[in-house]
2 protein chains.
Amino acid sequence: MKTAALIMAGGRGERFWPKSRKRFPKQFLTLTNSDRTMIQSTVDRILPMVNPEDIFIATNRDYRELVRKQLPQIPEENILCEPEAKNTAPCIGWGAVAMRKKYGDAMMVVLPSDHIVLQPLLYHSVLRNAIAAAEETDALVTLGIPPSSPNTGYGYIQFDTESLPGGHGAFRVKHFAEKPDLETAKRYLAGGEYLWNSGMFIWKTSAILREMQEYLPENYEELVAIEAAIGTPAEQEILESRFIRMKSISVDYGIMERSKNVYVLPASFGWDDVGSWLAVGRINPTNDMGNVIKGDVVTVNSTRCIVQGDRKTIAMVGLEDIIIVDTPDALLVCSKESAGDIKRVVEILRAVNRTELL
Amino acid sequence: MKTAALIMAGGRGERFWPKSRKRFPKQFLTLTNSDRTMIQSTVDRILPMVNPEDIFIATNRDYRELVRKQLPQIPEENILCEPEAKNTAPCIGWGAVAMRKKYGDAMMVVLPSDHIVLQPLLYHSVLRNAIAAAEETDALVTLGIPPSSPNTGYGYIQFDTESLPGGHGAFRVKHFAEKPDLETAKRYLAGGEYLWNSGMFIWKTSAILREMQEYLPENYEELVAIEAAIGTPAEQEILESRFIRMKSISVDYGIMERSKNVYVLPASFGWDDVGSWLAVGRINPTNDMGNVIKGDVVTVNSTRCIVQGDRKTIAMVGLEDIIIVDTPDALLVCSKESAGDIKRVVEILRAVNRTELL
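Predicted model, so just to flag it, every value in this text is computed and none were measured. (Residues numbered from 1 in each chain as written. Chains lettered and ligands numbered in written order. Predicted model: local features only at pLDDT ≥ 70, side-chain atom pairs only at ≥ 80, totals over all residues. Heavy atoms only, no water.)

**Section: the overall build of chain A**
Stated precisely, the cut-off is as follows: Put simply, DSSP H or I for four residues or longer makes a helix, DSSP E for two residues or longer makes a strand, and each gets a number counted from the N terminus. Note on method: radius of gyration uses C-alpha positions; expected globular size equals 2.2 Å times residues raised to 0.38. Residue burial is assigned from relative accessible area. The probe radius is 1.4 Å, only protein chains are included, and a residue is buried under 20% of its type maximum, exposed over 50%, and partly exposed in between. Residue contacts are defined here by distance: any two heavy atoms, one from each residue, within 4.5 Å place the two residues in contact. All accessible-area figures derive from a Shrake-Rupley calculation using a 1.4 Å probe, and residue coverage is judged against the displayed protein chains alone. Charged-residue counts in this description rest on Lys and Arg as positive and Asp and Glu as negative, His and the chain ends being excluded. Lysine's charge is taken at NZ, arginine's at CZ, aspartate's at CG and glutamate's at CD.
Assigned secondary structure in chain A consists of eleven helices and 17 strands. Compactness check: chain A gives a C-alpha radius of gyration of 21 Å against a globular reference of 21 Å for 358 residues, within 12% of the reference. Dimensions of chain A along its principal axes, counting C-alpha atoms only, are 60 × 50 × 40 Å. Across the 358 residues of chain A, 57% fall into the buried class. Within chain A, counting contacts between residues at least 6 apart in sequence, those at least 24 apart form 68% of the total. Of the roughly 14800 Å² that chain A leaves accessible, carbon and sulfur atoms contribute 49%. Averaging the positions of the 41 positive and the 46 negative side-chain charges in chain A gives two centres separated by 3 Å.

Shown next as structure tokens:
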């Protein structure tokens, strides 16, 4: 069966300010030592398994030009610009009907555009297993990352330890859990039956659309209308009117948590969701002094720092655990332990109408 | 008797990098909330007591244009550009003979160009006393700051507690001490007979030149030749050849420590030598969060920081005791406790030939 991919690239993250901006979010940034952006790396990574003409990008109008510029190999008609942000279920539903219209039934791989994978060969191997499992069983398959810490920044997936691994090593899912508090996360980690929710899904378009019809029937009705209009003169008009009527809900909560046919494949391939500047420190190599540095930087007695320079020379003297991000119009200096408060800078700038900096 | 001032402005400090540069040292910077530079403030401060045409500026050729631009009221011929840096004794000697040539004997006030004074009225009062004492006694008078901490960054002056204060409250000096180590500084502070050396001197030109003749006779010989050439066609040539022959020595060590006729006037007028970025934190008002900020700065959970912004917005998140100085081509981020290591950045830049940043 044909394999197609939907890459979700509508996010407007604020945690990478000042590099990420409303008009230039994280997925379009280069945050690793590579010269490829997050979304380019996502496409590069899946290309050994999916042809470029079978890759769909779900985003919004503000980012259409960024997608075209960064991913010239993706056909124009595969760029799905949502009229309104509606969380992941409507986005995935639209991708699924677009694929059904084009291919009939197909294997659909859903991928975030802003995660990193350090071992692409393992990633391909896991994806092949997941595709085989989903194709053989009609199940909804997701990838779960064995947790290495009680991280409170991820959702968790509880799997049924009693369930024999199905084909290809997948376990039946018992529960999708939201981001936990630290105590709960520690319990999840200690119990050994929770995985991090990677946000990657593998299923047949027929399987996900059947589940949408069952659990989100109103949304499904709009999706059928959108599908019928694809390729007709009314396509854009129908999309605009129908898409915004859909219920805004995540696929985790709207489908995965309710469906009876959900499996999770434990997967390790050097995954990181690059949720904050701290991740840039984790995923990039450190220099002799223990700093992760990009740009023209002079260091004196400084360690465990993360620096993203821009055009000017940066001198660091006597710093520990400090994040420095320079851009042409804004500079961030932040202690690592306060990385979660960077969004407060964005809130302040918004409150005082400094829109040029958002 | 005529009162004239010599302002010493030849320093090439590196402790205010990246704002201070080889071609733009500290005395030409604005480091307070005022819009006047250090040297402009020094001139403003003495103007109620000395006419502009009686103010001499000792500097070097690299800074002649800066002096002209920042101090247009000072006559061109009063800008003394030393052919070579020779420490303070030759510099002061040249100023003294220039004044002797112009005025005959005169009261000479020697001032650093890069210190601040928070209470100018007290400063004027102290200077008037010092001038009166020096005029009446022929003594070399210096101003000593009663120490408020065991500061190891200043030289100290030990005064003779037995000596009755002479006219106008001056004490006879026992000893000029170099910058002490911390233990010594604590002892100085506890003993109550040490003052900080402010580097400000008041004397008759005849008095200082008489002492120079006695204690630095070779230098004095060159000074007499320089004086004789002032206003002649050979002036510049004689200056060049004679000045560089002088022994490089400080007036403290070359004259003050040896002379038998030295007095110190204890003086409090909110003095600070602005020796590092830490001083900018001391002498400028702090905001509600305890930060000293210049420029467009957004603060989240940050305190006791010193920020000198430039053109771009700076966001500080979760910082304590951090110094941030932005300039068009270089950015410094430094912990307060490492402010003394900023010169190491300059050393590194010099070692790798980044002259554009020096």
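**Here we look at a positive patch on the surface**
Stated precisely, the cut-off is as follows: Residues enter patches when their relative accessible area tops 30% and they take part in no salt bridge; the joining distance is 9 Å for like charges and 5 Å for the nonpolar side chains Val, Leu, Ile, Met, Phe, Trp and Tyr. The rule for a salt bridge is simple: a side-chain nitrogen of Lys or Arg has to be within 4 Å of a carboxyl oxygen of Asp or Glu.
A surface patch of like charges, here positive, comprises Arg15, Lys179, Lys343 and Arg344 of chain A. For Arg15 of chain A, the location among the structural elements is in the loop between strand E1 (3-8) and helix H1 (38-46).

**Some thoughts on the environment of Gln308 of chain B**
Residue and element names in this part refer to chain B. Take Gln308: it is sitting in strand E14 (residues 306-308). Given a relative accessible area of 3%, Gln308 falls into the buried group. As for Gln308 and Thr152, which are separated by 156 residues in sequence, their C-alpha atoms are 26 Å apart.

**Side note on the relation of the copies chain A and chain B**
We count it as follows: Least squares is the method for superposing the copies, and the C-alpha atoms it fits come from residues with pLDDT of at least 70 in both.
Of the transformation placing chain A onto chain B, the axial shift is 0.0 Å and the rotation is 180°, giving an RMSD of 0.1 Å. The two molecules are tied by a two-fold rotation axis, judged by turn and shift. Residue Val333 of chain A, judged by its C-alpha, is the member of chain A lying nearest the rotation axis, at 4.1 Å.

**Examining the sheet that holds strand E12 (residues 292-294) of chain A**
Basically, it comes down to this: We call two strands paired when DSSP finds no fewer than two bridges between them. Angles run from 0 to 180 degrees between N-to-C directions of axes, and those axes are lines fitted to C-alpha atoms, restricted for helices to the stretch in contact.
Taken in spatial order, the six strands of this open sheet run E12(A)-E14(A)-E16(A)-E17(A)-E15(B)-E13(B), and their pairing is mixed. Where the open sheet ends on each side, the last strands, each with one partner, are E12 of chain A together with strand E13 (297-300) of chain B. The average undirected angle you get between the axes of adjacent strands in this sheet is 10°. Pairing of strand E16 (residues 322-326) of chain A with strand E17 (residues 330-335) of chain A involves five bridges; the strand directions are antiparallel. Residue pairing for E17 of chain A: Ile324 of chain A is matched across the bridge by Val333 of chain A. Helix-sheet contacts for helix H11 (residues 342-351) of chain A involve E17 of chain A together with E13 and strand E15 (313-317) of chain B, and the interaxial angle to E13 of chain B is about 130°.

**Points about the packing of aromatic side chains**
In this description, a pair of aromatic rings is defined by centroid distance and the angle of the planes. Formally: A pair of aromatic rings is counted whenever rings of Phe, Tyr or Trp (Trp by its six-membered ring) have centres within 6.5 Å, and the orientation is called stacked for planes under 30 degrees apart, edge-to-face for over 60 and tilted otherwise. Only when the NZ of Lys or the CZ of Arg is both within 6 Å of the ring centre and within 35 degrees of the ring normal is a charge said to sit over the ring.
With the rule as written, the count across this model stands at 26 aromatic pairs over all chains. The interplanar angle of 45° and the centroid separation of 6.4 Å between the aromatic rings of Trp196 of chain A and Trp271 of chain A together place this pair among those described as tilted. Taken together, the residues Trp196 of chain A in strand E9 (residues 194-204) and Trp271 of chain A in strand E11 (residues 271-272) connect sequence positions 75 residues apart. Both residues of the pair, Trp196 of chain A and Trp271 of chain A, belong to the buried class. Seen in terms of ring centroids, Phe159 of chain B and Phe171 of chain B are 4.8 Å apart; in terms of plane orientation they differ by 45°. Their pairing is tilted. Residue Phe159 of chain B is found in strand E7 (residues 156-159), and its partner Phe171 of chain B is found in strand E8 (residues 171-177); the two are separated by twelve residues along the sequence. Among the aromatic residues, those joined into a ring-pair cluster are Tyr154, Trp196 and Trp271 of chain A. Above the plane of the ring of Tyr253 of chain A lies Arg258 of chain A, whose end atom (NZ or CZ) is 5.7 Å from the centre.

**Focus: the sheet that holds strand E13 (residues 297-300) of chain A**
Strand order in the open sheet made by the six strands is E13(A)-E15(A)-E17(B)-E16(B)-E14(B)-E12(B), with mixed pairing throughout. Here the strands that pair on one side only, and so sit at the sheet edges, are E13 of chain A together with strand E12 (292-294) of chain B. Each adjacent strand pair in this sheet contributes to an overall mean axis angle of 10°, direction not counted. As paired strands, strand E15 (residues 313-317) of chain A and strand E17 (residues 330-335) of chain B are joined by five bridges and run parallel to one another. For Thr313 of chain A, the partnering residue across the bridge sits in E17 of chain B and is Ala330 of chain B. Packed onto the sheet, helix H11 (residues 342-351) of chain B meets E13 and E15 of chain A together with E17 of chain B and runs at close to 130° relative to E13 of chain A.

**Re the interface of chain A and chain B**
Threshold: Throughout, the accessible surface (probe 1.4 Å) given up by two parts as they are put together, summed over both, is called the buried area. Pairs of N or O atoms within 3.5 Å make up the polar contacts considered here, provided that, within protein, one atom can donate a hydrogen while the other can accept it, and that residues adjacent in sequence are counted only when both atoms are side-chain atoms. Under the grouping applied here, Gly and all other residues not named as nonpolar or charged are polar, the nonpolar ones being Ala, Val, Leu, Ile, Met, Phe, Trp, Tyr, Cys and Pro and the charged ones Asp, Glu, Lys and Arg.
Taken residue by residue, the interface counts 35 residues in chain A and 35 residues in chain B. Both sides of the chain A and chain B interface together cover about 2600 Å² of buried area, and 63% of this is carbon and sulfur. At the surface where chain A touches chain B, the tally comes to four salt bridges. Taking the shortest distance from any N to any O, the salt bridge between Asp296 of chain B and Arg354 of chain A comes out at 2.9 Å. At the boundary of chain A and chain B, one finds 22 residue pairs in polar contact (both at pLDDT 80 or more). Mapped onto the side of chain A that touches chain B, the elements with two or more residues apiece are E13, E15, E16, E17 and H11 of chain A. Broken down by element, the residue count for the side of chain A that touches chain B peaks at six residues, all from E17 of chain A. For the side of chain A that touches chain B, the residue count by class is 21 nonpolar, seven polar and seven charged.

**Quick look at the layout of surface pockets**
Residue and element names in this part refer to chain A. Quick reminder of the rule: A pocket, in this scheme, is an open set of points on a 1 Å grid over the protein atoms alone with protein on both sides within 12 Å along at least 5 of 7 lines, while a cavity is a set where a 1.4 Å probe fits but cannot get out; residues line either one if an atom lies within 4 Å of a point. Grid points are joined across faces, edges and corners, and a volume is the space filled by probe spheres set on the points.
Its boundaries defined by the atoms lining it, the second largest pocket holds a volume of some 1300 Å³. In terms of lining residues, the second largest pocket is bounded by 40 residues, among which Asn87, Thr88, His115, Lys179 and Asp252 are the most central. The greatest single-element share of the lining of the second largest pocket, amounting to four residues, is contributed by E9. Counted by class, the lining of the second largest pocket contains 14 nonpolar, 15 polar and eleven charged residues.

**Let's talk about the side chain of Asp54 of chain A**
All names here are of chain A. Topologically, Asp54 is positioned in the loop between H1 and strand E2 (55-60). Asp54 gets classed as buried once you look at its relative accessible area, which sits at 3%. Looking at Asp54, its side chain comes within polar contact range of the side chain of Lys2, at 2.9 Å. Discounting residues that sit within four places of it in the chain, Asp54 has contacts with Lys2, Thr3, Ala4, Ala5, Asn78 and Tyr103.

**Here we look at unusual backbone geometry**
Residue and element names in this part refer to chain A. Residues Trp17 and Pro18 are joined by a peptide bond in cis, for which omega reads 5°. Mapped onto the secondary structure, Pro18 falls in the loop between E1 and H1. Even without a glycine there, the phi angle at Asn301 is positive, about 50°. Looking at the secondary structure, you find Asn301 in the loop between E13 and strand E14 (306-308). The backbone of Arg304 sits at a positive phi, close to 55°, despite the residue not being glycine. As for its position among the elements, Arg304 is in the loop between E13 and E14. Take Arg304: its relative accessible area is 38%, and that puts it in the partly exposed class.

**So, the pairing of E15 of chain B**
Residue and element names in this part refer to chain B. With five of its five residues buried, E15 lies for the most part within the structure. Neither face of E15 is exposed, since Thr313, Ala315 and Val317 on one face and Ile314 and Met316 on the opposite face are all buried. Of the pairings in the sheet, the one linking E13 to E15 comprises four bridges and is parallel in character. The partner of Thr299 across the bridge, within E15, is Met316.

**Quick word on the nonpolar core**
To keep it simple, the criterion reads: The definition of a nonpolar core used throughout is a set of buried Ala, Val, Leu, Ile, Met, Phe, Trp, Tyr and Cys residues joined through side-chain atoms within 4.5 Å.
Counting residues in each nonpolar core, the largest one holds 48 residues, and the members touching the most others are Ile55, Ile57, Val141, Leu143, Ile202 and Phe269 of chain B. Per element, the largest residue contribution to this core is seven residues, and it comes from helix H4 (residues 120-137) of chain B. The contact partners of Leu143 of chain B, leaving out residues within four places of it in the chain, are Val126, Leu127, Ala130, Ile157, Trp196, Ser198, Met200, Ile202, Val264, Leu265, Ala267 and Phe269 of chain B. Among the nonpolar cores identified, the runner-up in size contains 47 residues, and Val43, Met107, Val109 and Val117 of chain A belong to it.

Everything listed here is a matter of coordinates, which is why it stays silent on function.
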